[in-house]
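Chain by chain, the residues run as shown.
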Amino acid sequence: MTQIDPGVKTVVHLMRHGEVHNPQGILYGRLPDFHLSELGRKMAERGAEFFAERDVVHVVASPLDRAQETAAPIAARRDLEVATDGRLIEAANFFEGKRFSVGDGVLKRPQVWSKLYNPMRPSWGEPYKEQVARVRAALETARDKALGHEAVCVSHQLPIWVSRLAAEHKHLWHDPRKRQCSLASITSFVFVGEQLVGLEYHEPSKDLLPVKTTKKFVAGA
């Protein structure tokens, strides 16, 4: 095991992908071939601009298309390759491939009741604790690869948000509409040695966010 100097500062940025082309409004989850929209590509470029003057030496992304495409311009500006880490992937979800969003009357559908009984786990998908564990492991790997510098990990809203809640020692169940994790946002984990000492949040694409993302949460986006 590599010994980490307890005084070395390393920053690992956990970035959400940009907007996805999804005209049918389905919960795409881990499905392949869901790519960034034109606006999403602008968001990815905005992320690249944000990191251009930072000491980024490692870029890694979820294997899903939208995450890889968000990471690409960031890595290109630093003349780096985009690594892939399956631990950064979207949360598994029973409703993948279906139209499903908060406020669309889903609770009135008897066929889904068996999947909605426990929002604290949650019963409809990958347990929050499992998401936190795998993302934490991915962050630690990225930290070790970028020791003394900065790393960017591109992932997805729910895994990012529950990882932040865990880092802040808060309960993991939450109201999805209140997540502070907008498209192409950056949640930064600041380490000194192996110790997490701070969190930061940035929205380089705030002015590009479509109005609909502030009105209606689409699960798994």
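- If you look the chain up in an unreviewed UniProt entry, it shows as Histidine phosphatase family protein from Actinospica durhamensis.

### Description of the pairing of strand E6 (residues 195-202)
Move 1: Here strand E5 (residues 186-192) pairs with E6 via seven bridges, running antiparallel. Directly across from Ser188, in E6, lies its bridge partner Glu200.
Move 2: Following E5, the chain reverses through two residues before pairing antiparallel with E6; Gly193 in that reversal takes a positive phi of roughly 65°.

### Thoughts on the environment of Tyr201
Move 1: With respect to the secondary-structure elements, Tyr201 resides in strand E6.
Move 2: Here the alpha-carbon distance between Tyr201 and Ser188, two residues 13 residues apart in the chain, equals 6.2 Å.
Move 3: In contact with Tyr201, not counting residues within four places along its chain, are Arg164, Gln180, Cys181, Ser182, Ser185, Ile186 and Thr187.
Move 4: Of the polar contacts made by the side chain of Tyr201, one reaches the backbone nitrogen of Ser182; its length is 3.1 Å.
Move 5: Engagement of the side chain of Tyr201 in a polar contact is seen with the side chain of Glu203, the distance being 2.9 Å.

### Details of the nonpolar core
Move 1: Among the nonpolar cores identified, the biggest contains 18 residues, and Met15, Met43, Phe51, Val59, Ile74, Val152 and Val154 are the most heavily contacted of them.
Move 2: Secondary structure elements with two or more residues in this core: helix H1 (38-51), strand E2 (56-61), helix H2 (65-77) and strand E4 (150-155).
Move 3: Of all the elements, H2 adds the most residues to this core, at four residues.
Move 4: Setting aside chain neighbours within four positions, we find Val59 in contact with Ala71, Ile74, Ala75, Leu80, Glu81, Val82, Ala83 and Val152.

Conventions adopted
- Residues numbered from 1 in each chain as written.
- Predicted model: local features only at pLDDT ≥ 70, side-chain atom pairs only at ≥ 80, totals over all residues.
- Heavy atoms only, no water.
- Pairing = 2+ DSSP bridges.
- Helix = DSSP H or I, 4+ residues; strand = E, 2+ residues; numbered from the N terminus.
- Contact = heavy atoms within 4.5 Å.
- Polar contact = N/O pair within 3.5 Å; in protein donor to acceptor, adjacent residues only side chain to side chain.
- Core = buried A, V, L, I, M, F, W, Y, C linked by side-chain atoms within 4.5 Å.
- Buried < 20%, exposed > 50% of the residue type's maximum accessible area, 1.4 Å probe, protein only.

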